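Fold and geometry: a report
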Amino acid sequence: MKLLEGKTAIVTGAARGIGKSIALAFADQGANVALTDLSVTEEFEALIAELEAKGVKAKAYASNAADFEQTQQTVDAIVADFQQVDILVNNAGITRDTLLMRMTEEMWDLVMDVNLKSVFNFTKAVQKTMLKQKNGSIINMSSVVGVSGNAGQSNYSASKAGIIGFTKSIARELGSRNIRCNAIAPGFIITEMTDKIPADKRKEWEESIPLKRGGTPLDVANACIFLGSDLSSYVSGQVLNVCGAMNT
Ligand code: NAI
């Protein structure tokens, strides 16, 4: 049995990395997928073709998740194309890491807008549809550093901690309408985002993880399948750490 048959999912920032892996895993479970990213490149179009080959409906939308108006327009277009939204994965995110001493106002504002405001933008935009349906699962991509903090990532960590507060509040606010909201806190997941980390630092990180390896995008995608599916129908307002026991 496919776990997401008959469901439609939006995944933001899905052209590569964890978002792409979620899209592929969702399609394998029978979900139709509406994917967003800053632009629709040839590579992104190739992903859509790969998804369609799995027998599901898939479409790419160019959309800056940090932009309130654009997000509303994107969700309107998705609802017109797919008629329903059962799962929203707020995955788009960036880093602008540096010590507070060197952090500029622009670095702070950009990370807050892309990582945190985007979650507000998309959740608000899908709310009407999910309320009408009396069903929905919202999954917000936080991070272990949103739970524990990290030197050199005060902007990123604050944005990811903010996501957790938002998640818990929405779970309380929309629970009576059968809309669930959870956060995932991935640890060290090997993607283009982590490729920026120097090799020696990366090795040091991996050694410090109890499971002795970085996670894969599929490790995170599998947690999303659980939270998006009816297997988790009584799970809401939670933070699921997917981190090889980095955080306990
Ligand atoms: P990535 O950099 O490989 O992919 C992020 C995607 O988001 C890219 O396709 C990018 O174009 C898109 N994006 C960036 N700004 C956007 C915007 N304003 N609107 C729409 N799309 C935008 O990153 P990765 O590693 O796949 O991360 C995905 C999520 O997981 C992020 O929220 C990240 O903070 C979170 N995360 C990643 C971890 C890791 O170790 N890779 C650990 C913990 C959390």
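So, here is what we can say about the structure in this document.

How each quantity is defined
Every chain is numbered on its own, with residues counted from 1 as its sequence reads. Reporting of local features is limited, given that this is a predicted model, to residues whose pLDDT is at least 70; pairs of side-chain atoms are given and counted only at 80 or more, and all residues count toward the totals for whole chains, interfaces and linings. Excluded from the side-chain calculations are hydrogens and water; all other atoms, namely the structure's heavy atoms, are used. The numbering of helices and of strands both runs from the N terminus, where a helix is a DSSP run of H or I of at least 4 residues and a strand a run of E of at least 2. Classification of residues uses two cut-offs on accessible area relative to the type maximum, computed with a 1.4 Å probe and protein chains only: under 20% is buried, over 50% is exposed, and between them is partly exposed. Throughout, a residue-residue contact means that at least one pair of heavy atoms, one from each residue, lies within 4.5 Å. Pairing of aromatic rings covers Phe, Tyr and Trp, the last counted by its six-membered ring, and requires centre-to-centre distances within 6.5 Å; plane angles under 30 degrees mean stacked, over 60 mean edge-to-face, and any other angle means tilted. The span you would expect from a helix comes to 1.5 Å times its residue count less one. What makes a patch is a set of residues exposed beyond 30% relative accessible area and free of salt bridges, joined within 9 Å when like-charged and within 5 Å when nonpolar (Val, Leu, Ile, Met, Phe, Trp, Tyr). Here the open area of atoms and residues is found with the Shrake-Rupley method and a 1.4 Å probe, where only the protein chains shown may cover a residue. A pairing counts as a salt bridge when a side-chain nitrogen of Lys or Arg comes within 4 Å of a carboxyl oxygen of Asp or Glu. Residues are counted as near a molecule or strand when any one of their heavy atoms sits within 4 Å of it. Polar contacts here mean pairs of N or O atoms no more than 3.5 Å apart (in protein, one a potential hydrogen donor and the other a potential acceptor; neighbouring residues in sequence count only if both atoms are side-chain atoms). Charged means Asp, Glu, Lys or Arg here, nonpolar means Ala, Val, Leu, Ile, Met, Phe, Trp, Tyr, Cys or Pro, and polar covers whatever is left, Gly included.

**So, the side chain of S137**
- Its location among the elements puts S137 in strand β5 (residues 136-141).
- Overall, S137 belongs to the buried group, its relative accessible area being 2%.
- The contact partners of S137, leaving out residues within four places of it in the chain, are D86, I87, L88, M130, R180, L227 and G228.

**Topic: the packing of aromatic side chains**
- With the rule as written, the count across this model stands at two aromatic pairs.
- Ring geometry for F188 versus W205: centroids 4.9 Å apart, planes at 50 degrees, classification tilted. Here the residue F188 occupies a position in the loop between β6 (179-186) and α7 (192-195), and W205 occupies one in helix α8 (residues 199-208), the gap between them amounting to 17 residues.
- Residue classification places F188 among the buried positions, given a relative accessible area of 3%.
- By relative accessible area, W205 is classed as partly exposed at 22%.

**A short note on helix α6 (residues 154-174)**
- Taking 1.5 Å as the rise per residue, α6 with 21 residues should run 30 Å; its terminal C-alpha atoms sit 30 Å apart, in good agreement.
- Among all positions in α6, only N155, Y156, S157, S159, K160, I163, I164, F166, T167, I170, A171 and L174 are buried.
- On its buried face, α6 sits against α4 (105-133), β5, α5 (144-148), β6, α7 and β7 (239-242).

**Re the environment of N91**
- Along the chain, N91 turns up in the loop between β4 (87-90) and α4.
- Note on N91: relative accessible area 11%, which makes it buried.
- Separated by 79 residues in sequence, N91 and T12 place their C-alpha atoms 5.2 Å apart.
- Residues in contact with N91, not counting those within four places in the same chain, are V11, T12, G13, I18, G19, I22 and M141.

**A few points about a nonpolar patch on the surface**
- On the surface, a nonpolar cluster with roughly 260 Å² of combined accessible area is contributed by F226, L231 and L240.
- Following the sequence through the fold, F226 ends up in helix α9 (residues 217-228).
- Under the relative-accessibility criterion, F226 is labelled partly exposed at 33%.

**Remarks on the site of the ligand**
- Residues in close proximity to the ligand total 26 residues, the closest being R16, D37, N91, Y156 and T191.
- Contact distances for the ligand include 2.6 Å between an oxygen atom and a side-chain N or O atom of D37.
- Contacts to the ligand include G187, whose backbone N or O atom sits 3.4 Å from an oxygen atom.
- Isolated, the ligand exposes 840 Å² of accessible area, and the fraction of that covered by the protein chains is 93%.
- For the shell around the ligand, the secondary-structure elements that each account for two or more residues are α1 (17-28), α6 and α7.
- Here the shell around the ligand is composed, by residue class, of twelve nonpolar, eleven polar and three charged.

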